[in-house]
Structure formats: structure tokens, C-alpha cells
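# Fold and geometry: a report
Residue strings, one per chain:
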Amino acid sequence: MAYAITRTCCNDASCVSVCPVNCIHPTPEEPEFGTTDMLYIDPQACIDCGACADACPVDAVYPVDRLRGPDVAFGDLNRDWYRDHPNDHAWGAPSFPRSLPGELGTLRIAVVGTGPSAGYTAQELLRCTSAELTMIDRLPVTGGLLRHGVAPDHQSTKRIAESFASVFHDPRLRMHLNLEVGTDVTHEELAAHHHAVVYAVGAAADRRLGVPGEDLPGSLPATSFVGWYNADPTVPADAVELSAERVVVVGNGNVAVDIARILLTDPDRLAVTDIADHALAALSRSRVREVVLLARRGPGQAAWTAPEFLALRRLPGVELVVEDHPQVRAAIEAAAPDSRAALLAGLPLVRTDEGVEPGPGRRIVLRFLSTPVELTGADGRVGGLTVERTRLTEDGEPDGTTGEREVLRAGLVVRSIGHRGVPLPGLPFDERTGTVARRGGRVVDPATGRALPGAYVVGWAKRGPSGGIGANRACARETVDALLDDAVARLLPEPPAGRAEFERLVRRRRPDVVGLKELRAVDRAERERGAAQGRPRVKLATVAELLAAGRRR
């Protein structure tokens, strides 16, 4: 019986490299890699060896005959992908790990960030070089979006963090957490102690709607909401108020889907995850019964991935409906079998009156062709969102509005319309793309186009907020290749100071810096708290709590 990849696929292609018959696609060398919702196993070519299941870091691979419940659909998804993407599974040219000439000596490389892109970068450097690494994070705990971005009911996805555990414990790596580059140390100081600096800092800002009332209490960016339920210590425990019956989420990507799902999931189901204690308590007394996912475009341009949407369709005790509209109805009826719009087939099409309180039960309303134009207040908070119908081109792209307006009554509005990078002191920034100015993985001066010696970038800070966790693996390899090419070409500047001097500088600037021993103590404390409650861990939600746990090592 063939194997199939299911919805928790992280796309990092660990399975591709171990498949003896090359039946998992798209591979990192193929054009569609990084743009498909997931990877797929060809059931006609699979020899049922199970190597892919053993290699998968997130337990996404199962024998087709063992799929149950909502996951049964993934057997068909894997098979049907090859109907439209026939492949002879021929092997490409072999590739071999990079290495550096011995006469170059030992490189010292700093990696700023500890999320997925940083983890893959460090993993690649440790595997193919003898470099000494310094990893830095502004928070006193590692993980980045793995810890503070992945939804708590996606515990299998979080397991990819275990693949980085050996990286963080490698004797050639030094960890400096609770240290902020640009505030505690500068880029110039990093460069003075390392041959190269790789920035893996993500995209920390949210895109704004740019409409009146956006700054009213009760209007939040998705990063704040996600950080709130994931115990991000930069987000206060009282950041989210759930006293209203309707929430509007502007956007319909995977993050928007996560927010809708968490808002309406039975709290008892969340109580066995690592959700923040304060969020679990708030959700247990929440009055929210309806979540509206709002999109400017039509069903064919929805931004969610098929695996995430299929899970949403089967959320226990929650009705999923589509707000009825002639163009929406026509798009669903005319949808190609593998399109986003086809996923809506069979869902109820309903007329809604969102100017009044929701009816009984819990439901998610998918509302398309609606552009936010204003948030209105009630008692000093958000009370409603005015939307206007979108006019679309024949290709389904927004082309202005029709003038038809409606007020959606809502006590909480969450914008989930994408992330944007923020400028880093000492590095050039591309305002147009919201990324560090770069060419490939090299940081460049935008005025001259010349690379800044020894400065590199990876992840969302490099390519913008696109691609899931696994996409960072190929991105990291490209950046590391650029760094190694420059090392071989003798283009990396020789730092005047060494590792010991840098560690003294760090301790002087930030006496409460967190190292590996303190990180282990935090991990142990959270796991012990979790074990007492039958949960994987209970996260410490403030910087003070994290630092205190680290001192109890």
C-alpha cells in the first residue's frame, strides 16, 4: 500500500532525499517547489518502503490504508496531483555537500535569529564546514515563528523544532538570547568579531488596511492575535477581548484560517496543547459565536492552502458557510477540480445580515468581494466594519469598488493581510519590498548594487513573507552557498577580534543574557509544568518568567 503526505506537510523536502525511487515531488530542483500547498507521493511509483515516513520531521506521512477521518482525502489529493503533473521520476544530476579548503581556517559566523530560517542556516553551516557559530535572538527563548507563530493545535508541525535541537547543542555553537542587535550590539560590532553575519530576522510588522478607525481598541494585527495565543512575551495577556459575539478577520490565508479555527474550537480540545494559559482562560469564557473571513477577491483567489481549508471544513460543532453572491456562486459552479474555488463545493450558500447579532450556534462565514473602508466605534471600541463590494476583472483581480456598502457589526477586527519586514540598524532596507536590500543571499548597497562584505540574509527578511517553514531550507542553502563562494574567493573580511572578546562584550552590555544552560532550564520548566497538566508544555509568557526559570538551572 502506497504512502501519502497529509496536511501537516512542512515542505522542507526531508522525505525527497531518502526516497529510493524518486516518487515525491516537486523536489527542490523543480520549478513548482515552494509554490505548491504541499509535497505529493505518486501512489503508482511508491514501493511502500516507509523511508519518507521515518524522515518526515512533522509526522505528515502515512500509509494510505491507515488514513482516518479528514485525512482520508489526502490519499486522493496525492494521487490526483500526478494526474495533472505526470512525472517519470527520472533522477537528476547528483549533488554533493559543499566543503571549504582547509587552508581557509575556521570561520566565525553569527546568525541573528533562532527561527526556522536561522535553524536551517546553522544546520547547513555545521554540516558542511568547520565554522564556529554564534546564534543571537532578542527574546530569551528560541524558536521564532515555530514557537510564536504555529497554531497550538498543530503540535505535529512544531515537532520540526526537534530537528534543530542537535544544532543548538552543537559544541561549535554559542547561544546569546535576550540580546537585541541594533540596541545591545551593533552590526558593526558583530562584523568586528565574525567573518560573516547572517540575518534571519523574519518580517515582524503587519501590513495595514489604511482605513479610518484602524487604530481603535478592538482592531488588532494578526501578529498580535497569534502571539497572544502562543505566549509571545512581547504581547500582553490582555491584548485580546472576546466579549463580542462576532469577529471579523480581514484576509483568508492560512493565518486567518488559524485565527478563525482557534476562536471557535472547543476549549477542551485546546487544553491539551501548548496554548498560552491566559488565552485558554479567555477562550473558555469567550462569547464569540461567529467569525467572518473577509476577502477582497473571489473564491478562485483565496489564499489558504487546500490542507488547511480541508481541516476547517471538518471543525467539530462549527458550521462553515459562504455568503451568497451571484459572482461567488458562478465562480464555485465553474471551478476547475483542483482550484481554490472547488474547495467550496457543497458548502451552504447563505444570505447574511451581519448588521445584527449572530444567530444560534457557532459558524464561520466566508465572505468574498468585500473591501474594508472604515472601522466604526461603539463605547470607545470597535463596533463595526464598513465594507464595499469589490469589482473584479475577468481574471478575478480587484478593479475598484461598486459603491454598494454594508456595515458588519463586530466587536473585534483582526487584519491578516500579510507581513512586512522592518529596517535593521546598520543594514540597507528596500522599502518597496519590505526586505533587507539583497541580491540572492548577499546584502547589497541599493545605491551601488555592491555586496556588503560579510553580510547575508535568509528567510522572510530576504524573500518577503512567502513560503512556509520548509521553504526556508532551500532558501538557507542558497544563502550559505553564497557565503561559501565568498569564503573561497577570499572576500570575507578578517575580524580583528575573536569569540572570547565578543562574549565579554555581550556580558558587559547585557548581564542577563541567556545561554544554552538557561535555555535548557526554561525548556525543562515548561515541560514539567505541562506534564503536570497532561500537556506537551505550559509556556512561560513573560520575559521576567523566562529569565527567572533560566536562573533556576
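Above: the structure in question.
From a predicted model like this one, the values you see are computed outputs, not experimental measurements.

Looking at the second largest pocket, its volume works out to about 930 Å³. Residue lining of the second largest pocket: 29 residues in total, with S17, P28, E29, S95 and R477 positioned closest to the centre. Where the lining of the second largest pocket is concerned, the elements lending two or more residues are α3 (116–128) and α15 (471–488). If one sorts the elements of the lining of the second largest pocket by residue count, α15 sits on top with four residues.

It is worth spelling out the sheet that holds strand β8 (residues 196–199) at this point. With respect to topology, seven strands assemble into an open sheet ordered β7-β6-β5-β8-β25-β24-β23, the strand pairing being mixed. Sheet topology places β7 (173–177) and β23 (438–439) at the edges, where each strand pairs with a single neighbour. In the sheet, β8 pairs with strand β25 (residues 451–457) via three bridges, with the strands oriented parallel. Across the sheet, residue V197 finds its bridge partner in β25, namely A455.

Counting 124 residues, the largest nonpolar core has I5, I24, F225, W228, I364 and L366 as its most contacted members. Beyond its immediate chain neighbours, meaning those up to four positions away, I364 contacts A260, L264, V291, L293, L312, L315, V318, E319, L320 and V321.

Counted according to the given criterion, the structure contains four cavities of 30 Å³ or more. What the largest cavity holds in volume is close to 90 Å³. Lining the largest cavity are 14 residues; nearest its centre among them are C9, C10, D12, C15 and C56. Residues belonging to the lining of the largest cavity are distributed by class as follows: 11 nonpolar, two polar and one charged.

Now for the pairing of strand β12 (residues 290–294). Taken across its five residues, β12 has five buried, putting it largely inside the fold. Alignment of strand β11 (residues 246–250) against β12, held across five bridges, turns out to be parallel. Paired with V249 across the two strands is L293, which belongs to β12. In this structure, β12 lies alongside strand β15 (residues 362–367), joined through five bridges in parallel fashion. Pairing of V292 across the sheet is with V365, part of β15.

The sheet built from three strands is open, its strands ordered β16-β17-β18 with antiparallel pairing. Bordering the open sheet on either side are β16 (370–378) and β18 (398–409), each of which pairs with just one other strand. This sheet shows a mean twist of 25 degrees between the axes of neighbouring strands, independent of strand direction.

So, about the packing of α3 against α15. Between α3 and α15, the least distance of the axes is 8 Å, while the angle of their chain directions is 50 degrees. The orientation of α3 with respect to α15, classified from their angle, is oblique. For the element pair α3 and α15, the recorded crossing hand is right-handed. Packed against α3, whose contacting residues are P116, S117, Y120, T121, E124, L125, R127 and C128, the element α15 presents N472, R473, A476, R477, V480 and L484 at the interface. When the residues that make up the contact of α3 with α15 are grouped by side-chain class, the tally is seven nonpolar, three polar and four charged.

What follows concerns the pattern of salt bridges. One pass over the full model with this rule turns up 39 salt bridges. Between R159 and D59 there is a salt bridge whose closest N-O contact spans 2.7 Å. With R159 in the loop between α5 (155–158) and α6 (165–168) and D59 in the loop between α1 (51–55) and β4 (61–63), the pair connects residues that are 100 residues apart, well separated along the chain. With a closest N to O distance of 3.1 Å, R405 and E388 form a salt bridge. In this pair, R405 is assigned in strand β18 and E388 in strand β17 (residues 381–392), connecting sequence segments 17 residues apart. For E388, a relative accessible area of 8% corresponds to the buried category. Where salt bridges share partners, they join R147, D523, E526, R527 and R537 into one cluster.

Thresholds, definitions, all that
Residues numbered from 1 in each chain as written. Predicted model: local features only at pLDDT ≥ 70, side-chain atom pairs only at ≥ 80, totals over all residues. Heavy atoms only, no water. 1 Å grid on protein atoms, 1.4 Å probe; cavity = no way out; pocket = protein on both sides within 12 Å on 5 of 7 lines; lining within 4 Å. Points joined across faces, edges and corners; volume = space filled by probe spheres on them. Helix = DSSP H or I, 4+ residues; strand = E, 2+ residues; numbered from the N terminus. Pairing = 2+ DSSP bridges. Core = buried A, V, L, I, M, F, W, Y, C linked by side-chain atoms within 4.5 Å. Buried < 20%, exposed > 50% of the residue type's maximum accessible area, 1.4 Å probe, protein only. Contact = heavy atoms within 4.5 Å. Nonpolar A, V, L, I, M, F, W, Y, C, P; charged D, E, K, R; others polar. Axes fitted to C-alpha atoms, helices over the stretch in contact; angles between N-to-C directions. Parallel < 35°, antiparallel > 145°, perpendicular 65-115°, else oblique. Left-handed = near helix turned anticlockwise from the far one by under 90°. Salt bridge = Lys/Arg side-chain N within 4 Å of Asp/Glu carboxyl O.

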